[in-house]
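Architecture at a glance
Given next are the chains, with one letter for each unit.
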Amino acid sequence: MELWVAITVAAAFVQNLRTTLQKHLKNVMGTAGATFVRFGFGFPFAVVFVLLISAAGDMPVPPPNAAFLFWIVVAGLSQIIAQALLIQMFSYRNFVVGNAYSRTEPAQAALFGLLFLGENAGLVAFGAIAVTVLGVGLISVSHSEGSSTRILRGMFNRPAAIGLLSGAFFGVAAVGYRAASLSLGGPGFMMQAATTLLWAIGFQSLVMAAWIAWRDREEFARIARAWKPSLATGLVGAAASFGWFAAMTLQQAAIVKAVAQVEILFSIASSVLFFKERITRLELAGVALIVAGIVGLLVWG
């Protein structure tokens, strides 16, 4: 197994934990607060990652350059916008279709990678990415109410457009983080990933803090009262992001994000094993497509 694959699977598993913790935080604070926690409480851990890697590998911390700072801003803002669009979909009754569209991130990342970085994933790899996206789409709509005809009609509506736009911004963010890490030019993929994480999460913390200060200053008090779960969320969030950045320094963002769809499988496994929920036929079909796509990427991509 290639190193980037192992890192991606580990990052997907940790991100699943972060998502669970963030859902808990939504019970005690608003959306902006739960989003800020991911960045603000993750920043100290990002600092620790950089210091540990520097000491263990005897590597200097690479200084930022103009290209690096440009991509940090582009990727950081794109990720925040993508998350905001994703949250907006929850105000719609049929948000499941929009959520399925937001999962087109790997396919869109492949297009942005070609556009911005001149990276061609290849016909076979793009086909495998499309298979994983289709698999995630089936899982996303598997619990939709109504007939398959109604679901198909819902593929072209406002939530679908918002979901597609969300996926686009997530795709830009993924490619942007890869570009930022590569622009450092060394001294090693782990230090490049840790440095990218430090600057990205620091920038996003400032943006979200400014937003909360402008819109709802009382949110800071709610965040402070929930500092223990917030700290845990920050830790797993920083660890997951470090994994993504490390993998995307070694491999194209689109391919990493396609393999990262394994996170959906972790989520389904948890619901079946721990909550005794039954898996539907559409979910089984989606799982099969995701597995097939990932295997295709690893064997022929």
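Presented here is an overview of the structure given in this document. Keep in mind that this is a model prediction, so the values were computed, not measured. (Residues numbered from 1 in each chain as written. Predicted model: local features only at pLDDT ≥ 70, side-chain atom pairs only at ≥ 80, totals over all residues. Heavy atoms only, no water.)

Time to look at the overall build of the chain. Secondary structure summary: the chain contains 15 helices and zero strands in total. Here the chain holds 301 residues, and 50% of them are scored as buried. (Helix = DSSP H or I, 4+ residues; strand = E, 2+ residues; numbered from the N terminus. Buried < 20%, exposed > 50% of the residue type's maximum accessible area, 1.4 Å probe, protein only.)

Quick look at the pattern of salt bridges now. Should the charged atoms of two oppositely charged side chains come close, the side chains can pair. Counted under the stated rule, the structure contains four salt bridges. The partner of Arg-222 in a salt bridge is Asp-216, with the nearest N and O atoms 2.6 Å apart. The exposure class of Arg-222 is partly exposed, given its relative accessible area of 22%. Residue Asp-216 is classed as partly exposed on the basis of its relative accessible area, which comes to 31%. (Salt bridge = Lys/Arg side-chain N within 4 Å of Asp/Glu carboxyl O.)

This part covers the nonpolar core. Soluble globular proteins tend to pack their nonpolar side chains together in the buried interior. Counting residues in hydrophobic clusters, the biggest one holds 75 residues, and the most contacted among them are Ile-129, Trp-244, Phe-245, Met-248 and Leu-297. Take this core: its biggest share by element is nine residues, from helix α10 (residues 189-215). Sequence-distant contacts of Trp-244, defined by excluding residues within four places in its chain, comprise Thr-8, Ala-11, Ala-12, Gln-15, Val-256, Lys-257 and Ala-260. (Core = buried A, V, L, I, M, F, W, Y, C linked by side-chain atoms within 4.5 Å. Contact = heavy atoms within 4.5 Å.)

Before going further, it helps to examine the side chain of Thr-233. Looking at where Thr-233 falls in the secondary structure, it is placed in helix α12 (residues 227-250). Only 2.9 Å separates the side chain of Thr-233 from the backbone oxygen of Pro-229, close enough to count as a polar contact. Setting aside chain neighbours within four positions, we find Thr-233 in contact with Arg-18, Leu-21, Gln-22, Leu-25 and Val-37. (Polar contact = N/O pair within 3.5 Å; in protein donor to acceptor, adjacent residues only side chain to side chain.)

In this section: the packing of aromatic side chains. Here the distance between the centres and the angle between the planes together describe a pair of aromatic rings. Under the criterion given, the structure shown has eight aromatic pairs. Judged by centre distance (5.7 Å) and plane angle (45°), the rings of Phe-49 and Phe-242 are tilted. Here Phe-49, found in helix α3 (residues 43-57), pairs with Phe-242, found in helix α12; they are 193 residues apart in sequence, far enough to count as distant. For the pair Phe-49 and Phe-242, one class covers both residues: buried. Between the aromatic rings of Phe-68 and Trp-199, the centroid separation amounts to 6.2 Å while the plane-to-plane angle is 90°, which identifies the pairing as edge-to-face. Here Phe-68, found in helix α4 (residues 66-88), pairs with Trp-199, found in helix α10; they are 131 residues apart in sequence, far enough to count as distant. Under the relative-accessibility criterion, Trp-199 is labelled partly exposed at 37%. One aromatic cluster is present, built from ring pairs that chain together Phe-70, Trp-71, Phe-112 and Phe-116. (Phe/Tyr/Trp six-rings, centres within 6.5 Å; stacked < 30°, edge-to-face > 60°.)

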